[in-house]
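# Structural overview for review
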Amino acid sequence: MSSLKRIEVWVLLLLGGGAAIWVFLDKPVVEGDPQPIESPSSESAMVIHRCTLERDFGNARLDIELRYHNASPRPLILQPPDVKLLTGDGKEVPPFILATEKPPEIAVQTSKDVRLRYWLDKAHLQGTLALDIRGTTAEVKNATPLALEKMENRKPKTWPSSIH
C-alpha cells in the first residue's frame with residue numbers, strides 16, 4: 001500500500017481512468033451510418049445516386065445505390081413488402097439475396113446511403129423499371145429496351161441516377 005502514497009501513481013490512475021471514459025463515450029462517425037435529420041428538408045425522401053448493371057450470361061444483376069430518409073415511426077428494413085422494384089406492367093422483380101448479407105436497415109427519422117440488388121431477366125430490361133419504397137417511387141430505367149446480349153459478360157456498366 002505504500003505505492004498509493006506516491007503522486008505519480010495517482011496521476012497515472014487518473015489519466016488511465018480519463019482515457020477509458022473518453023474511449024467509451026466517444027463514438028466515431030463511420031461512413032454509411034445513419035445521420036439524424038434535425039429539420040425536414042425540401043429534398044425528396046429517395047435519391048438514386050447510381051445504378052450498375054452486370055450481365056451474368058442470360059441474366060443480369062442490378063445494383064441500385066440510393067439515399068433514403070425514413071420519416072416513418074418504425075425502422076425500415078429494405079426488403080419486400082416495403083421495397084419493390086416494379087416493371088412497367090406492375091410485376092415485381094425478385095431481389096438478389098446473399099445468405100451472408102443482412103438486408104440494409106434505416107432507423108427512425110434518419111437518412112442513410114444503401115445499396116439494393118436485384119436479379120433481372122432479359123424481359124425485365126425491355127421496359128421501364130421503378131423502385132417503390134413505402135409509396136415513394138423513383139424511375140430506375142426508362143422505356144428504352146436494353147439489349148442484354150450486346151453487353152459483355154461480367155463487365156459492369158454504371159449510369160448516374162437511372163439506366164437509360
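What you are looking at is a predicted structure, and each value in this text was computed from that prediction instead of being measured.

Turning to the layout of surface pockets, a few remarks are in order. Each pocket or cavity is described by its volume, and for the largest pocket that value is around 340 Å³. Lining the largest pocket are 20 residues, with L78, F96, I97, P103 and P104 positioned closest to its centre. When residues of the lining of the largest pocket are traced back to their parent elements, those giving at least two are β5 (83–87), β6 (92–93) and β8 (110–120). The greatest single-element share of the lining of the largest pocket, amounting to 4 residues, is contributed by β8.

Scanning all chains against the criterion turns up 1 aromatic pair. Between the aromatic rings of F96 and W119, the centroid separation amounts to 5.5 Å while the plane-to-plane angle is 25 degrees, which identifies the pairing as stacked. Of the two residues, F96 sits in the loop between β6 and β7 (105–106) while W119 sits in strand β8, which places them 23 residues apart along the sequence. Positioned above the aromatic ring of F96, the side-chain terminus of R61 is 5.8 Å from the ring centre.

With 29 residues, the main nonpolar core has I64, L66, L85 and L131 as its most contacted residues. If you list the elements that add at least two residues to this core, you get β2 (46–56), β3 (59–70), β5, β8, β9 (129–133) and β10 (136–141). Counting residues per element, this core draws most heavily on β3, at 5 residues. Apart from residues lying up to four places away in sequence, L66 is in contact with M46, V47, I48, H49, K112, D113, V114, L116, L131 and I133.

Moving on to the sheet that holds β5. Taken in spatial order, the 4 strands of this open sheet run β6-β5-β9-β10, and their pairing is antiparallel. Single-partner strands in this sheet number two, and they are β6 and β10.

What counts as what
Residues numbered from 1 in each chain as written. Predicted model: local features only at pLDDT ≥ 70, side-chain atom pairs only at ≥ 80, totals over all residues. Heavy atoms only, no water. 1 Å grid on protein atoms, 1.4 Å probe; cavity = no way out; pocket = protein on both sides within 12 Å on 5 of 7 lines; lining within 4 Å. Points joined across faces, edges and corners; volume = space filled by probe spheres on them. Helix = DSSP H or I, 4+ residues; strand = E, 2+ residues; numbered from the N terminus. Phe/Tyr/Trp six-rings, centres within 6.5 Å; stacked < 30°, edge-to-face > 60°. Lys NZ or Arg CZ within 6 Å of the ring centre and 35° of its normal. Core = buried A, V, L, I, M, F, W, Y, C linked by side-chain atoms within 4.5 Å. Buried < 20%, exposed > 50% of the residue type's maximum accessible area, 1.4 Å probe, protein only. Contact = heavy atoms within 4.5 Å. Pairing = 2+ DSSP bridges.

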